[in-house]
Every structure is written in C-alpha cells, then in structure tokens.
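Working through the structure, step by step
Residues per chain, in single letters:
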Amino acid sequence: MSNMFRRLTIFIPYIWLLVLFLLPFLIVFRISVSILEYGSPPYVPQFEFESWAGFIDKLGMLNLDNYRFLASDALYRNAYISSVIIAFFSTMFTLAIGFPLAYGMARASTSLRPILLMLVILPFWTSFLIRVYAWIGILKPEGLLNQLLLWLGVISEPLTILNTNAAVYIGIVYSYLPFMVLPIYSTLEKLDYSLIEAAQDLGCTPLGAFWKVTIRLALPGILAGCLLVFIPAVGEFVIPDLLGGSQTLMIGKVLWTEFFNNGDWTISSALAMVLLIVLVVPIVLFQNAQAKATEAGK
Amino acid sequence: MKSLGNVRRSFAPWIDPKSVPYIRFENVTKKFGDFTAVDNLSLDIFEREFFSLLGPSGCGKTTLLRMLAGFENPTEGDIFLDGQSLKGVAPHNRPVNMMFQSYALFPHMSVEQNIAFGLKQAKMNKSEISDRVQQMLKLVKLEKFAKRKPHQLSGGQRQRVALARSVAKRPKLLLLDEPLGALDKKLREETQFELMDLQQELGLTFVIVTHDQDEAMTMSDRIAVMDAGVVKQIGTPAEVYEAPDSRYVADFIGSVNIFEGEVKQNADGLVKLDSPDGFSEIQAVEDHKFETGQKLFLAIRPEKMNLTRERPTDANAASGEVWEIAYMGDVTNYIVKLDGGKMVRASTINRKRAVENPIGYDEVIWVSFEPDGGTLLDR
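Predicted model, so just to flag it, every value in this text is computed and none were measured.

Before going further, it helps to examine the interface of chain B and chain A. Note: interface size is frequently given as the accessible area lost on complex formation between the parts. Each partner contributes to the interface: chain B provides 17 residues, whereas chain A provides 16 residues. When residues of the side of chain B that touches chain A are traced back to their parent elements, those giving at least two are strand E6 (96–99) and helix H2 (111–121) of chain B. If one sorts the elements of the side of chain B that touches chain A by residue count, H2 of chain B sits on top with three residues. Among the residues making up the side of chain B that touches chain A, the classes are represented as ten nonpolar, seven polar and no charged.

Okay, structure coming up:
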C-alpha cells in the first residue's frame, strides 16, 4: 500500500510535465508541420478517424514547409537575431545594476536585510502589465522624466525615449531586475567574509580578493541570474509592444502579429518551436550551473 | 635550586633587558562605537616566541590578533613589528599570515590550490610553487589529499590545510585564531604538540588566541591573561599558574581555593591571616610586603591541599565533611565542606591502582596545607 503510494507520488510530477508541458508541446509541433487553411481551426489536416488509408494520407500531408518559409524570409531571422541581441544587452545592463545591489544587500546589517529583500520583491505585488504601462507615463515626451530633466535644465527639448529600443531596454532591466538580484544575493549572503580576509592575508589586494573570491564564489548566482533574465527576455512581447517603436524587432511581437493579425497558426507555431530550440542552449547551461552550485554548496 | 613549576626552560628572552621585542603594542586602544575592546594596552612579544593570548570571549584577544593582521586599526596607540610601525600598512603588505578560526579555506579550490594561493600572489615561479606545495603537504601529512576540495575533508584535515596554507609563505610571524577550537579533545592534544614542533622547526614567532587554558599552558612560552580589554598578567605557564598576581588570574587558570583574611602579624617572611573561613589562622609565605591590618586573599590550588583522617601537623588545618568526590582516573577531586561552611577543593593523584579504605562521602576529615602552598594576593 505504502509502496504504491510512493510510486504515485513519484508519478505526480511526471503527470504534471506530461499534461502541462509535453502535450501542449506536441500540439504546437503538430500545428507547425500542418498546412494553413482558412477555417476553424485554421489548418489541415484534421484527424477525424474515417479509415486507415485516409489517416495515412493525412499523415503524409504533414511537412516542414513552414520552417522552410521561416528560413527563406530574412524578417524572421532578423527578428531572432535582434531579440537575442536585445536580450543579451538587457541582461548585461541588469547584471551591472543587479550585482552591486545584491552585494550591498548582502553586506547590510542582518536586521536590515529582510527589509531590503522585501523592497526587491515588493514590485511583484503590482501586476506586471500595469508596471510596464506606468513606464509609458514616465518615458513619453511630456512624461515625468522629461519634465524633471527640463525643470533641472539638463535638456531644453524633450527626449524621445518612448517607442525606441532604449525604452525596451529600460523596461526589461526594470522588470527583470529582481530575477538577477535574488540569485546573486543568495550566493553572496552565504559568502564567509573571512575568505576575503584570508585572501588579503595571503597577499591579495582588496580588488584582487574581490575578483578571486567574491566574484568567483558568486559565479553560480551570476549565471543563474543572467539566464533567468535572458531566457524570458528573448521571447518578451509585452515590453516591446508597449514601450518599443515600429523599428523594434522582437520575435515575441512577430509571433503575436502572425497569430492574431494574420491568423496564421502554422507559422506562429513554427516560430515558437524555433524559439524553443534557440533557448535550449542557455537552458542547458542553466541546468549545469545549478548542478554546479549544488555541488559547491555541499 | 627551586624553580616555579616542574619545568626548566632555556628560552627566555623576556628576562634579558637587552633583548629587543619583535612585536610591540604601545598604548593600544581599540573602540567599536562605545565599546572599548582593547584598553590602553602595552605588550612585548619576542622573536621565536610561542605567545598565547588567553581570556574569556569578548576580552579583546581576537581584536588584538586582527590588529596585528591588519584587519582592524588601533583607535589610539601604535603597533611595531620588527621596529617598524604598522600604521597604515594594509593586510596584504604585512609579512604576517593568519590561520583563521573557521579555517577560511577557499571552497572552490583544491587543497593544493589553497596552499599555493599565497605563493601565487607573491609571484613565485611555477616550479618553486609546486616544490613548496609538496613540502607543505608533506609537513602536514596530506600528500594523498592534494586534489581534494575542502568539503571532501574531515575537520582535522581542514585544520591541517589551513595551517599549511598559512605557513606556506614562510611568514616570520604566524597568527592563530583558536586554531584547535573545532577539533575533538584527542585530536586537539595531538595537534598541540605538532604545532609546537612546527614552530621549532620553522623558527617562527607564533601568536595564538585561545580561550582554552590547557592549550595555552601546553604550548606557550608565555601567556597573557586578558580580561575586558586589558592584560591582567603576562608570564610563563608556571608563573601564571603558581604565582598568579590577582584573584582573576588565579581563578581563570585552573581551579583554586580563595581564603580571605586580615593580616594579623608579619614577621620572618611569614604572614599570619585572621581567617573566618574555618581555619582559625592561616600562615603563608610573604613574597611581597604587606601591612598589618591589610585585607588579603590566599589563593591555593586543590593539589596543594592535603586530606588526612588524623589532625595533621601542618600549620594550616581545618576539619570538614566530604561533600563531593569526582574520580577522574588520574586524579580524584574532592569538595569538602569546612566546619565554617566554606566549600574547598582538594585533589589527590592516584598513584596506586587499588587503595585501602579510601576517603568516602560524608566522612569528617582534615584539610591542610603548607605555608608556601598558596599565593597571597591583594586584588
């Protein structure tokens, strides 16, 4: 009885993955190799079982034309490249802001740390969509930022930030900062300060000790943070849609257009499949980093 | 010739007025906010000395060590190393290495890499580094564990790695912060002797912080007993044990009985104390000059007390009831409640395996001691 129960509990995560990940994945894959057809749903073949021969005929209709189309049109390739570039630089900016933030938090007094941690998590209490919307009010030509800069006399003409790539960067860095700060903070918080003293005692300059000990030991956290920002940023749709301009080319936006504006389920499914493949590399890296972090934490 | 304690030493630069101290703390004060960790402290340590800073936690001993390493700076006063002021010298520029209480081994580096870390910083060439690392591994008997990471080692092995790493650069001065604190008793005792051998072999000066008096007694040339940021007494282990100069030191090192009394008479180098503690009168050898009527304390160690069934001929004797007996194997400790109500400790060495008619619980016996058995203290 207990043995069966144990087996059941082991199966629950597998059932979860099967129903919520593998099944949808297979459906998307199946649509991506189908043919666009005006109707509902807007693709053929539909597998209503009539006869074995018909079934095999329909199976033969599945093909990789959608993928060939993606490869032939530079728009899609550029969208992927542009997404990866935007995600990469956003990740670097987030790291540049997030690391000092996490370091400051980890070095703060133990009584202050929970408050600082709370402040980092606090934005999650407001809807992501609303927070991104709020940036429109800040960044638009007559928005808060421009008003402030004009009042300070830094600029004489309002800056055009909204609907540019700069606004997308600001939006991504702002939205994903906690995902960078939290894993770095958790590695830095565990760091034994006497290690840094030991490095200095053995002849390291303070900067050398920071590089060889602090950064080195925070590396699993840095890597985890970077991937937690990079992976969702590549497929980001809301931020480029709301803050970006017409020249902002990101795969999430292209996918949306294909699906909702053009009603082309097959191409958008193929886009999603390729996006997944593009992201598999960093995901595998992430897994490795996690395994290493667990190893080092022993 | 009589000497203090059952020990003879040949190394004693501190009694030679011509010898120049290697480390000198000059009126050093260290404050953390309102808290004074070290209070106007002056202290000399000599080259090749094994010097212990002993005291309860919070007495300022670790702060003293950290000031030598450069992790803290004195609020007032100055520290000299080999005649040079250490003011403004950063930790990485000091010819001093430290072994940390937590060992502070780099978790991402193997044993080998940990030991080589300091050597790499010193820009030694590769073959020299690997020679030195091999030498250090041999010294601490960890040749087989060179490739292991710290988390794959036992506590005792980690302690050895930390030691090897801290002596790898051949510092002239090694600072040890509770180096044996995390080891179990048996390992600790073995390691004590290994540390002493190492210090002899490499000719280093050791300054060690400990709260364990046995450790300090075993290893040190001299001990500084500290309390609340000040040094109470500096002396050889025998001096602080047999001739403490305050009740604090007497009580902190080993166990002690303290009797209180007023000087009734002092003549011929003998002080007679009027004692209310069950002894009608206490006679003690006078090693300082005391005034008649002065209030004094006599500190006497349990092993200097005799226990007899018959009234002894010793000058100082009192009768009492056996209250507690603790058989420790090598010694037996007794607590006797004197007729005056005071509890005194006495101990006997168990030189024979079998004893005829040993002293038992609730027995009425005599406690006595010789006039030169204890030390008279005025504070």
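Residues valine 44 of chain A and proline 45 of chain A are joined by a peptide bond in cis, for which omega reads -5°. The topology assignment puts proline 45 of chain A in the loop between strand E2 (43–44) and helix H2 (52–61). Located in the positive-phi region is tyrosine 103 of chain B, a residue other than glycine, with phi close to 75°. By the secondary structure assignment, tyrosine 103 of chain B is in the loop between E6 and H2. Of the residues examined, tyrosine 103 of chain B has 25 C-beta atoms within 10 Å and is grouped as buried. We note that alanine 228 of chain B has phi near 45°; this positive angle belongs to a residue other than glycine. As for its position among the elements, alanine 228 of chain B is in the loop between strand E9 (222–227) and strand E10 (230–235).

In the numbering used here, UniProt assigns the "domain: ABC transmembrane type-1" (unreviewed entry) feature to residues 80–286 of chain A. Helix makes up 78% of residues 80–286 of chain A and strand makes up 0%, while its end C-alpha atoms are separated by 20 Å.

Feature annotation in UniProt assigns "domain: ABC transporter" (unreviewed entry) to the following positions: residues 23–253 of chain B. The straight-line gap between the two end C-alpha atoms of residues 23–253 of chain B is 25 Å; of that span, 36% is helix and 26% is strand.

Turning our attention to the packing of H2 of chain B against helix H4 (residues 155–167) of chain B. Residue and element names in this part refer to chain B. At a closest axis distance of 7 Å, the pairing of H2 and H4 adopts a crossing angle of 25°. By the angle class used here, H2 and H4 are roughly parallel. H4 is crossed by H2, and the crossing has right-handed handedness. On the side of H2, the interface is formed by Val111, Asn114, Ile115, Phe117 and Gly118, while H4 contributes Val161, Ala164 and Arg165. Taken together, the residues that form the contact of H2 with H4 break down as five nonpolar, two polar and one charged.

Calculation criteria
Residues numbered from 1 in each chain as written. Chains lettered and ligands numbered in written order. Predicted model: local features only at pLDDT ≥ 70, side-chain atom pairs only at ≥ 80, totals over all residues. Contact = placed C-beta atoms within 7 Å. Helix = DSSP H or I, 4+ residues; strand = E, 2+ residues; numbered from the N terminus. Nonpolar A, V, L, I, M, F, W, Y, C, P; charged D, E, K, R; others polar. Buried ≥ 20, exposed ≤ 12 C-beta atoms within 10 Å, placed from the backbone. UniProt positions renumbered as here; feature names shortened; annotations may be inferred. Axes fitted to C-alpha atoms, helices over the stretch in contact; angles between N-to-C directions. Parallel < 35°, antiparallel > 145°, perpendicular 65-115°, else oblique. Left-handed = near helix turned anticlockwise from the far one by under 90°.

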